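# Coordinate analysis (summary)
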Amino acid sequence: MNVTIFIDDALKTIQRGTVDRKSPFKLPALSSSIDNKVFQRIVVARRFIEHDQSLIIYTDHESQKYHQLKTNPLCSLLFWDSKKRLQVQVAGEAYFLDDKSDYWDKLNENQKKDYVINPLPGSEISSADGYSYDSTKPRFEVISIHFKTLDVLELSPDGHRRAKSILNKNDREDFWVAP
Ligand SMILES: Cc1cc2nc3c(=O)[nH]c(=O)nc-3n(C[C@H](O)[C@H](O)[C@H](O)COP(=O)(O)O)c2cc1C
């Protein structure tokens, strides 16, 4: 197996995850850090932009992750497909889209409600349903996570395979590593 094909396949699996609701790659864990503390959470992989190798996610302007990524854009994504026995670790850098209208317009009314929850995310409330969807200012944000490096691990009884990839602006360096 050629290492370039192995890395290409991993990137294709990430791309397919954005369009296939059943793919486990639809829901990666996103890690970020601030003040020497590390945080992680599940996010929806919305779109893969091939030309700059980046993944689009949506979030709330008032979420912790938004604040953390604004302060320190270096982050990582973790994907795991238990059927393919494929793990992909991505080191990335977050960029914030100014023009979000294309993405916002494609959301249905129910999805839009996630960005007008009152009070703000993480606020203490007196009961589980002690919130409403009536914030007047929507807090929808689109974050593009540009891939900087990949670490791809495929587990197999015939021998595990692991490779790394360093993604530069115009080229990519792929190499096998010991699993
Ligand atoms: C299946 C699933 C999908 C989620 N998708 C998103 C998402 O796309 N964007 C997001 O901001 N939070 C998403 N969340 C919620 C986050 O995991 C997290 O609980 C919330 O955003 C607060 O995170 P933070 O305080 O670290 O910012 C999702 C949670 C689950 C369980």
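Above: the structure in question.
I will try to describe carefully the structure that is included in this document.

Scoring rules and cut-offs
Residues numbered from 1 in each chain as written. Predicted model: local features only at pLDDT ≥ 70, side-chain atom pairs only at ≥ 80, totals over all residues. Helix = DSSP H or I, 4+ residues; strand = E, 2+ residues; numbered from the N terminus. Buried ≥ 20, exposed ≤ 12 C-beta atoms within 10 Å, placed from the backbone. Contact = placed C-beta atoms within 7 Å. Near = placed C-beta within 6 Å. Nonpolar A, V, L, I, M, F, W, Y, C, P; charged D, E, K, R; others polar. Pairing = 2+ DSSP bridges.

### Brief notes about unusual backbone geometry
Here the bond from Asn-118 into Pro-119 is cis, since omega is 5°, no more than 30 degrees from zero. In this fold, Pro-119 is placed in the loop between helix H4 (109–113) and strand S7 (140–154). The phi torsion at Gln-53 lies on the positive side, around 45°, for a residue other than glycine. Looking at where Gln-53 falls in the secondary structure, it is placed in the loop between strand S3 (47–49) and strand S4 (54–60). Judged by C-beta crowding, with 21 C-beta atoms within 10 Å, Gln-53 ranks as buried.

### Some words on the environment of Phe-175
Structurally, Phe-175 can be placed in strand S9 (residues 172–177). Placed 144 residues apart in sequence, Phe-175 and Ser-31 show a C-alpha to C-alpha distance of 25 Å. Dropping the residues within four chain positions of it, Phe-175 is found in contact with Val-3, Ala-163 and Lys-164.

### Quick word on the site of the ligand
Contacts to the ligand come from 15 residues, most closely from Arg-41, Thr-59, Ser-63, Gln-64 and Lys-65. For the shell around the ligand, the secondary-structure elements that each account for two or more residues are strand S2 (37–42), S4 and helix H2 (64–71). Residues of the shell around the ligand, tallied by class, amount to eight nonpolar, four polar and three charged.

### Details of the environment of Ser-135
Take Ser-135: it is sitting in the loop between H4 and S7. Here Ser-135 falls in the partly exposed class, since 16 other C-beta atoms lie within 10 Å of it. Each C-alpha atom of the pair Ser-135 and Tyr-103 lies 20 Å from the other, and the pair is 32 residues apart in sequence.

### A few points about the pairing of strand S8 (residues 161–167)
Direction of pairing for S7 relative to S8: antiparallel, over a ladder of six bridges. The residue bridging Glu-154 from the neighbouring strand is Arg-161, located in S8. The turn linking S7 back onto S8 is made up of six residues, and Gly-159 within it adopts a positive phi angle of 130°. Taken together, the six bridges between S8 and S9 define a ladder with antiparallel strand orientation. What sits directly across from Leu-167, in S9, is Arg-172.

### What to know about the environment of Tyr-103
Its location among the elements puts Tyr-103 in helix H3 (residues 101–105). In this structure, the C-alpha to C-alpha distance between Tyr-103 and Ile-56, residues 47 residues apart in sequence, is 10.0 Å. Tyr-103 has contacts with Tyr-58 and Val-142, leaving out every residue within four places of it along the chain.

Shape is all these values report; function is a separate question.
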